Amino acid sequence: MLEVTNLCAGYGKTQVLERLNFHVEAGEVVTLIGANGAGKTTTLKTLCGILKATEGRVAFEGRELTRLRSYEIVDAGITMIPEGRQLFPNFTVRDNLIMGTYKRAARTGVQQRMDAVLERFPRVRERLGQLAGSLSGGEQQMVAIARGLMAQPRLLVFDEPSVGLSPLLVEQMFEIIRQIAADGVTVLLVEQNVFQTLQLVDRGYVLENGRIVLEGSGPDLLADPHVKRAYLGH
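Residues numbered from 1 in each chain as written. Predicted model: local features only at pLDDT ≥ 70, side-chain atom pairs only at ≥ 80, totals over all residues. Heavy atoms only, no water.

**Here's the deal with the side chain of Gln141**
The residue Gln141 is located in helix 6 (residues 137-150) in this model. Of the residues examined, Gln141 reaches a relative accessible area of 2% and is grouped as buried. A polar contact of 3.3 Å, which involves the side chain of Gln141, links it to the side chain of Arg85. Discounting chain neighbours no more than four positions away, the residues touching Gln141 are Ile81, Arg85, Pro161, Leu165 and Met173. (Helix = DSSP H or I, 4+ residues; strand = E, 2+ residues; numbered from the N terminus. Buried < 20%, exposed > 50% of the residue type's maximum accessible area, 1.4 Å probe, protein only. Polar contact = N/O pair within 3.5 Å; in protein donor to acceptor, adjacent residues only side chain to side chain. Contact = heavy atoms within 4.5 Å.)

Dropping the structure here:
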């Protein structure tokens, strides 16, 4: 579904990604794990067209995406839930959700889709008329995910969805991701909580200094000595 080949990207003269290679198959939940500064967010930004690749190729469902703009990549079927939510704080929750329908194919049947999304997020339904900036962190994260689902993505990309959330809300967040995957949406996840992430995912890649150094199934990576030592504190 998603194929990343020899991907290089960075900021100015600083190259962060060094010929990155990985793939995500349809229906999978896949994670990128690594320390701060390893290149995880840079990878997601490059996939989504926010940052331009300097070399390499990104293909989605056989289509070359490397030179497309962000809105074209959304149209192709990829939506990112960014770190920090990035809602419009002075817009109502309803208006934030509608902003998720700028993808051309998502502009029809908006109310029906909103009803379906709100069925998954009853707390968001209760807050539709409130300004997004007045919500708690957990509620804002729910709105951010709901907005992403309004775009009808085939690949949903999460960047650190549990940042700033209480342990109970973190558990809820992982359950939401599990349900989204069960509904047939493919997921690519970057998340600081490595233990819970590897329990959830089908496969994972370990990213260090802009390179993939290890890959495997969730259980295999949980049992790997390097992952235990570097990311699980064992």
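**Considerations on the layout of surface pockets**
Empty space within the second largest pocket amounts to approximately 230 Å³. Around the second largest pocket, the lining comprises 14 residues; the ones closest to its centre are Arg123, Met142, Leu169, Gln172 and Ile176. At the level of secondary structure, the elements contributing two or more residues to the lining of the second largest pocket comprise helix 5 (122-126), helix 6 and helix 7 (167-182). Ranked by residues supplied to the lining of the second largest pocket, first place goes to helix 7 with 5 residues. (1 Å grid on protein atoms, 1.4 Å probe; cavity = no way out; pocket = protein on both sides within 12 Å on 5 of 7 lines; lining within 4 Å. Points joined across faces, edges and corners; volume = space filled by probe spheres on them.)

**Points about the nonpolar core**
Residues Leu97, Phe121, Ile145, Phe158 and Ile180 are the most contacted members of the largest nonpolar core, which totals 44 residues. Sequence-distant contacts of Leu97, defined by excluding residues within four places in its chain, comprise Met114, Leu118, Val124, Leu128, Val143, Ala146, Arg147 and Met150. Listed in part, the 31 residues of the second largest apolar core include Val58, Leu65, Ala76 and Leu155. (Core = buried A, V, L, I, M, F, W, Y, C linked by side-chain atoms within 4.5 Å.)

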